[in-house]
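Structure assessment
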Amino acid sequence: MASKQQSATQQLLLRGHSPDSANRIFADKIQHRPLLLRASSPPASNARDERRKARIKKEKERKKTLKPKPLSACQKRKLGLYDVPKEGRKYALFEPLHRLWLGYMREILGNELYTGGQGAAAKLSSADFHGAEVEVVRSGCVSRVGIKGIVIKDTRFAFEVITRGNALKIVPKEGTVFRIEVVPAKGGDAAPEPGDQGEEAGPGQQQPGSTTTMVFEIHGDQFMYRSADRANKKFKAHFLKKI
């Protein structure tokens, strides 16, 4: 059978080559060469493929031991990581936060809580308003006027407030004026002692024990920054457009 196959192959070679060339080609390139039945079949063992597979496996194991990749802002929004759950939208839950914020404002304003002025305005510009009770007094959208509640989220472009009716309202800062009230310490709060820093009353000023509520109005257009960015920003006085 093999001789018949060889003779048939030699006869085909003789059609295009001389006898010497046909015998040489047959001996060098055809005889004793394996015939792969499937042209795409790889050899039984391939060291290069084995190394590649081992490298890929090692890389996968290394990735498992590494810290997971942090979520992007888009993924966080889709997962609702910063959304307040419905069961947590209760005004009473945030009243302790409001009391903490009042103490925070008394501390940073000091004596300017009773005198006001540019010093108080500069401190208010860089203050954190999480926990503040704000009221919309002027707005480009008339339906927003009168909204009042505790700020539970101070974003770049809006305040999210929880009202006394346990409703969550998102109030854009642009074109809106907010009113905030800071009550001086009294009752169960830490009572200021005469001579404490920022609490000593001067001539013509209110006494620290006064219960008069200090009212401030802030223009939302000047607060269109994240609270973390606003803390280090220097604000310049300039004219504001009418609302």
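Fair warning: this is a prediction, and the values are worked out from it, not measured in the lab.

This brings us to the overall build of the protein chain. Along the protein chain, the regular secondary structure elements total eight helices and six strands. Overall, the protein chain shows an N-to-C arrangement of helices and strands of α-α-α-α-α-α-α-β-β-β-β-β-β-α. Looking at the 243 residues of the protein chain, the share that counts as buried comes to 27%. If you sum the accessible surface of the protein chain, you get close to 17,500 Å²; carbon and sulfur atoms cover 53% of it.

Moving on, we come to the nonpolar core. Nonpolar side chains tend to gather and get buried jointly when the protein is soluble and globular. Residues Trp 101 and Phe 129 are the most contacted members of the largest nonpolar core, which totals 25 residues. Broken down by secondary-structure element, the contributors of at least two residues to this core are helix 5 (91-109), helix 6 (112-115), helix 7 (118-125), strand 1 (133-139), strand 3 (158-163), strand 5 (176-182) and strand 6 (214-219). If one sorts the elements of this core by residue count, helix 5 sits on top with four residues. Discounting chain neighbours no more than four positions away, the residues touching Trp 101 are Asp 128, Phe 129, His 130, Gly 131, Ala 132, Ile 180, Glu 181 and Val 182. In terms of nonpolar packing, the next biggest core, distinct from the first, is built from six residues, Val 84, Tyr 91, Phe 94 and Ile 150 among them.

To continue, consider the pattern of salt bridges. Pairing between side chains of opposite charge can happen when the charged atoms of each approach one another. In total, this model carries six salt bridges according to the counting rule given. Two residues, Glu 160 and Lys 153, come together in a salt bridge whose shortest N-O distance is 3.6 Å. Accessibility classification places Glu 160 together with Lys 153 in one group, the buried group. Here Asp 154 and Lys 173 are joined by a salt bridge, their closest N and O atoms 2.8 Å apart. Of the two residues, Asp 154 is situated in strand 2 (residues 148-154) and Lys 173 in the loop between strand 4 (168-172) and strand 5; the sequence distance between them amounts to 19 residues. Using a relative accessible area of 5% as the deciding quantity, one classes Asp 154 as buried. Connected through salt bridges with shared partners, the residues Arg 138, Arg 179 and Glu 217 form a single ionic network.

Below, the discussion takes up the pairing of strand 6. By the alternation rule, side chains of strand 6 split into Met 214, Phe 216 and Ile 218, which are all buried, and Val 215, Glu 217 and His 219, of which none is buried. As paired elements, strand 5 and strand 6 share six bridges and run antiparallel to each other. Directly across from Phe 178, in strand 6, lies its bridge partner Ile 218.

A few words now on the environment of Arg 62. The residue Arg 62 is located in helix 3 (residues 47-65) in this model. Polar contacts involving the side chain of Arg 62 include one to the side chain of Glu 59, which spans 2.7 Å.

A grouping of Leu 71, Leu 79, Leu 81 and Tyr 82 is seen on the molecular surface, where their side chains present a nonpolar patch of about 430 Å² in accessible area. Structurally, Leu 81 can be placed in the loop between helix 4 (73-79) and helix 5.

Backbone geometry at Asn 166 places phi at a positive 60°, although glycine is not the residue there. Judged by its relative accessible area of 40%, Asn 166 falls in the partly exposed class.

Looking now at the sheet that holds strand 3. Taken in spatial order, the six strands of this open sheet run 4-3-2-1-5-6, and their pairing is antiparallel. One side of each edge strand has no neighbouring strand; the edge strands of this open sheet are strand 4 and strand 6. Direction aside, neighbouring strands of the sheet carry axes that sit 40° apart on average. Here five bridges tie strand 1 to strand 5, and the two strands are oriented antiparallel to one another. Bridged to Val 136 within strand 5 is Phe 178. Strands strand 1, strand 2, strand 3, strand 5 and strand 6 of the sheet are contacted by helix 5, whose axis makes an angle of about 80° with strand 5.

Rules used in this analysis
Residues numbered from 1 in each chain as written. Predicted model: local features only at pLDDT ≥ 70, side-chain atom pairs only at ≥ 80, totals over all residues. Heavy atoms only, no water. Helix = DSSP H or I, 4+ residues; strand = E, 2+ residues; numbered from the N terminus. Buried < 20%, exposed > 50% of the residue type's maximum accessible area, 1.4 Å probe, protein only. Areas by Shrake-Rupley, 256 points an atom, 1.4 Å probe, with all protein chains shown as cover. Core = buried A, V, L, I, M, F, W, Y, C linked by side-chain atoms within 4.5 Å. Contact = heavy atoms within 4.5 Å. Salt bridge = Lys/Arg side-chain N within 4 Å of Asp/Glu carboxyl O. Pairing = 2+ DSSP bridges. Polar contact = N/O pair within 3.5 Å; in protein donor to acceptor, adjacent residues only side chain to side chain. Patch = residues over 30% accessible without salt bridge, like charges linked within 9 Å, V, L, I, M, F, W, Y side chains within 5 Å. Axes fitted to C-alpha atoms, helices over the stretch in contact; angles between N-to-C directions.

Spatial relationships are all this shows, so hold off on functional conclusions.
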